[in-house]
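Chain and residue survey
Each chain is listed here by its residues.
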Amino acid sequence: MQNTNDTFDCVVIGGGHAGAEAAHAAARIGAKTCLITVSKDTIGKMSCNPAIGGLAKGQIAREVDALGGLMGLAIDATGIQFRLLNRSKGPAVQAPRAQADKYKYKDHIRGQLEQTANLTIVEAMVSQIITDGGSVQAAVCTDGKTYRAATVVLTTGTFLRGLMHIGTEQFSGGRLDEPAASELSASLENIGLRLDRLKTGTPPRLDATTMDLDRLEIQRGDERPEPFSFMNDKIDRPQIPCWITYTNEKIHEIIRGNLHRAPLYSGQICSTGPRYCPSIETKIVRFADKSRHQVFLEPEDEVKSTIYCNGISTSLPKDVQEQIVKSLPGTENARIIHYGYAIEYDYCPPTQLKPSLETKGISGLFLAGQINGTSGYEEAAGQGIIAGINAARKLQNKDPIVLGRDQAYIGVLIDDLLTRGIDEPYRMFTSRAEYRLSLRADNADRRLTQTGRAVGLVPAERWTRYTRKLKAIDRLGRYLRGHTSEGKSLWDQLRQPKNPLARTLSENPDIRRMGLSEDILRAVVIDAKYEGYLAKQDRLVANFRTLENKKIPGDLDYHSIEHLRVEAKEKLSAFRPTTLAQACRISGVTPADITVIQVHLRRRLSAEQTNKANSGVDKTTR
């Protein structure tokens, strides 16, 4: 939707995965929104791996969908291979993943945004953020235009002073063939934000027509692919395979012989990269005892024109990359479409944020995505939808939406950023979530659809579908609890390990007459099997929620609190937790420190109440 007025309620800067979700959410909730992006053609672009989901990431994608976001619907419409990971393990660690046609994916996202009411898309480069009196006022672009708004969401990805590396070559850029945001960093520092540097990288892309894939191990998708979006019952798109190959000692020797030319080891790159997605040169150094490393050859589109080499991310010189490709089984004659590269970029350490993703120092300014030090499309989308929701709610004078660690992986992600800080790009894992038994991919809709509905993101069609599902689950659950076999209710039999009832449930004549879908049957089986474990977890959550509900005043002077350790004073003053539970999760803060703070807060509250009472007495006396 186009609009020539340069005054908006909300301005979103950046059209990546965070920016797309933020702009969509804010506009859908009712804010007159402007999305500023360098190019409309790169909205929703998959600049690295052409895939959505994975372990823990798939849960986040499902959560974004449950809240009413774009990601799940987009990958269902454009995916070319769907797999449920960890299928042989428990539901708590299973996760959907899908390869995408990356060109159709970004076109789908752009199309959805162009159809969103209240949303204007502008092609420009932002160079300055204007503030006044501690509040955001406007975004100024390099073309001289100013876009005024009461809220601004920054989703700059890797564009802030982006510097790309291929061997000794260095060139400015936000990603391949796109300019860096060279002026905006200085503006952010001028308004009081602290910036630091991180690094990430990407592997070479190859011409699929020049590769010998037939002799490689094939990795196929699931025979019955599961959709990401809870609005879809099935995936009808054709499935395209990926291929698996391996590095070898020849490649390792090539890399070891050229480490002095690698920016990561020559001193050319000084910032920190992602530990859990290392470059191939880092793998060779860190795992020197390994004779080979797995490489996934993943099509980037449904016609298999280009192949993404997942596993050999690198910033080695071009001639070395060519040697690696020529020595990799299946790619000996492959033509490199574009070379792998590393990129350094500015980010804002996330301890400067409130749980709403609004900056602590500047009212109305929200940050989401890689600017907060995260990596991954899903982590960006999760932050983006929360930032967009809260930017719109701020305009409505409503309290922000803050998801708890027991509610969503998105809640875990944001809380980790705020309470633990980062020293490398943050990536989500199931191990980071202490309540992962209930934060499953299969129940994201039951956890978050009501929240999405409450804020105005979930439309009537999705709400009707959701309530119908809840009724079906309740109906089947009541039937299983009320019917017995061999002296036990069917529900209790489902709770028993290795009980065959779970496999034969659909053969029950009564249940068959209910006409329930497979996902309803699976949901109820999981509910039964996890009931005892979840009851224990719920008790832990209830105990911990007591601390979550105990707020810490924003003006609390930790240095004035007697008996609080020096390290705790420093950490708490830097992180500024909003609740006692958040304070507990800060590294270096002990349970004894929390007790000291509780005592101090009780004394402070008592003193305030006494002063208030005395003030009332004085007025009465006068």
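The present account deals with the structure reproduced in this document. (Residues numbered from 1 in each chain as written. Predicted model: local features only at pLDDT ≥ 70, side-chain atom pairs only at ≥ 80, totals over all residues. Heavy atoms only, no water.)

1. Remarks on the pairing of strand β7 (residues 126-132)
By the bridge criterion, 6 bridges tie β7 to strand β8 (residues 135-141) in an arrangement that is antiparallel. Within β8, the position partnered with I129 by the bridge is A139. (Pairing = 2+ DSSP bridges. Helix = DSSP H or I, 4+ residues; strand = E, 2+ residues; numbered from the N terminus.)

2. Comments concerning the pattern of salt bridges
Across all of its chains, the model carries 50 salt bridges by this definition. With a closest N to O distance of 2.8 Å, R237 and E302 form a salt bridge. Separated by 65 residues along the polypeptide, R237 in the loop between β15 (217-219) and β16 (242-246) and E302 in the loop between β17 (294-299) and β18 (306-310) bring together distant segments of the chain. Residue R237 is classed as buried on the basis of its relative accessible area of 19%. Salt-bridge contacts for R420 lead to D416; the nearest nitrogen and oxygen are separated by 3.3 Å. Residue R420 and its partner D416 are located together in helix α11 (residues 409-420), separated by 4 residues, close to a single helical turn. A relative accessible area of 2% means that D416 is categorised as buried. Where salt bridges share partners, they join R405, D415, D416, R420, E434 and R585 into one cluster. (Salt bridge = Lys/Arg side-chain N within 4 Å of Asp/Glu carboxyl O. Buried < 20%, exposed > 50% of the residue type's maximum accessible area, 1.4 Å probe, protein only.)

3. Re the packing of aromatic side chains
Across all of its chains, the model carries 2 aromatic pairs by this definition. Plain terms: the ring middles of W463 and Y466 are 5.2 Å apart, the flat faces sit at 40° to each other, and that makes the pair tilted. In this pair, W463 and Y466 are both assigned in helix α13 (residues 460-482), 3 residues apart and thus about one turn of the helix distant. Residue class for W463 comes out partly exposed when judged on its relative accessible area of 24%. When the centroid spacing of 6.4 Å and the interplanar angle of 70° are considered together, the rings of Y530 and Y533 count as edge-to-face. With Y530 and Y533 both in helix α17 (residues 518-548), this residue pair falls 3 residues apart, about one helical turn. Above the plane of the ring of F8 lies K32, whose end atom (NZ or CZ) is 5.5 Å from the centre. (Phe/Tyr/Trp six-rings, centres within 6.5 Å; stacked < 30°, edge-to-face > 60°. Lys NZ or Arg CZ within 6 Å of the ring centre and 35° of its normal.)

4. Structural notes on helix α18 (residues 566-575)
Helical periodicity: at 3.6 residues per turn, an α-helix aligns residues three or four positions apart in one direction. Every buried residue of α18 is accounted for by A568, K569, L572 and F575. Around the axis of α18, the buried residues are gathered within 150° of arc, so they sit on the same side. After α18 finishes, the residue R576 shows a positive phi value of roughly 50°. (Arc of directions from axis to C-beta.)

5. A few points about the environment of G30
Secondary-structure assignment places G30 in the loop between α1 (17-29) and β2 (33-37). Expressed as a C-alpha distance, the spacing of G30 and A472, which sit 442 residues apart in the sequence, is 33 Å. For G30, the contacting residues outside a window of four places in its chain are D9 and N118. (Contact = heavy atoms within 4.5 Å.)

6. Examining the sheet that holds strand β12 (residues 169-172)
Reading across the sheet, the 4 strands line up as β12-β11-β20-β13 and stay open at both edges, with antiparallel pairing between neighbours. Pairing within the sheet leaves two strands with one partner each, and these edge strands are β12 and β13 (196-202). For this sheet, the mean angle separating the axes of adjacent strands, direction not counted, is 25°. (Axes fitted to C-alpha atoms, helices over the stretch in contact; angles between N-to-C directions.)

7. Some words on unusual backbone geometry
The backbone of N118 sits at a positive phi, close to 70°, despite the residue not being glycine. In this structure N118 comes out as partly exposed when scored by relative accessible area, which is 40%. Unusually for a residue other than glycine, H563 sits at a positive phi of about 70°. Summarising the element assignment, H563 is placed in the loop between α17 and α18.

8. Regarding the environment of L540
If you trace the backbone, L540 turns up in helix α17. Linking L540 and Y435, residues 105 residues apart in sequence, is a C-alpha distance of 9.4 Å.

9. Side note on helix α6 (residues 249-256)
Among the residues making up α6, those that are buried are I251, H252, I254 and I255. Down the axis of α6, the smallest arc covering the buried residues is 160°, so these residues share one side. Contacts from the buried residues of α6 go to α8 (280-286) and α9 (318-327). The distance from a side-chain oxygen at the start of α6 to the backbone nitrogen of K250 is 3.2 Å, and the residue carrying that oxygen is N248. (Polar contact = N/O pair within 3.5 Å; in protein donor to acceptor, adjacent residues only side chain to side chain.)

10. Quick look at the side chain of K283
Within the fold, K283 resides in helix α8. Only 3.0 Å separates the side chain of K283 from the backbone oxygen of G311, close enough to count as a polar contact. In this structure K283 touches P278, A288, H293 and G311, once residues within four positions along its chain are discounted.

11. Structural notes on the nonpolar core
By size, the foremost hydrophobic cluster in this structure holds 102 residues, and its most contacted members are V11, I129 and L188. Top element by residues in this core is helix α10 (residues 377-395). It accounts for 9 residues. By size, the runner-up hydrophobic cluster in this structure holds 30 residues, among which are I166, A208, L316 and A334. (Core = buried A, V, L, I, M, F, W, Y, C linked by side-chain atoms within 4.5 Å.)

12. Structural notes on the sheet that holds β8
Within the open sheet, the 3 strands sit side by side as β7-β8-β9. Their pairing is antiparallel. Edge positions in the sheet fall to β7 and β9 (146-148), since each has one partner strand and no second. Neighbour-to-neighbour, the strand axes of the sheet open up by a mean angle of 25°, direction not taken into account.

13. Some words on the packing of helix α3 (residues 71-78) against helix α4 (residues 102-114)
Close contact between α3 and α4 brings their axes to 9 Å; oriented N to C, the two are set at 135°. Between α3 and α4, the interaxial angle falls into the category oblique. Along this stretch, α3 crosses α4, giving a crossing that reads as right-handed. From α3, M71, L73, A74, I75, A77 and T78 reach across to α4, where they touch K104, Y105, H108 and I109. Taken together, the residues of the contact of α3 with α4 sort by class into 7 nonpolar, 2 polar and 1 charged. (Parallel < 35°, antiparallel > 145°, perpendicular 65-115°, else oblique. Left-handed = near helix turned anticlockwise from the far one by under 90°. Nonpolar A, V, L, I, M, F, W, Y, C, P; charged D, E, K, R; others polar.)

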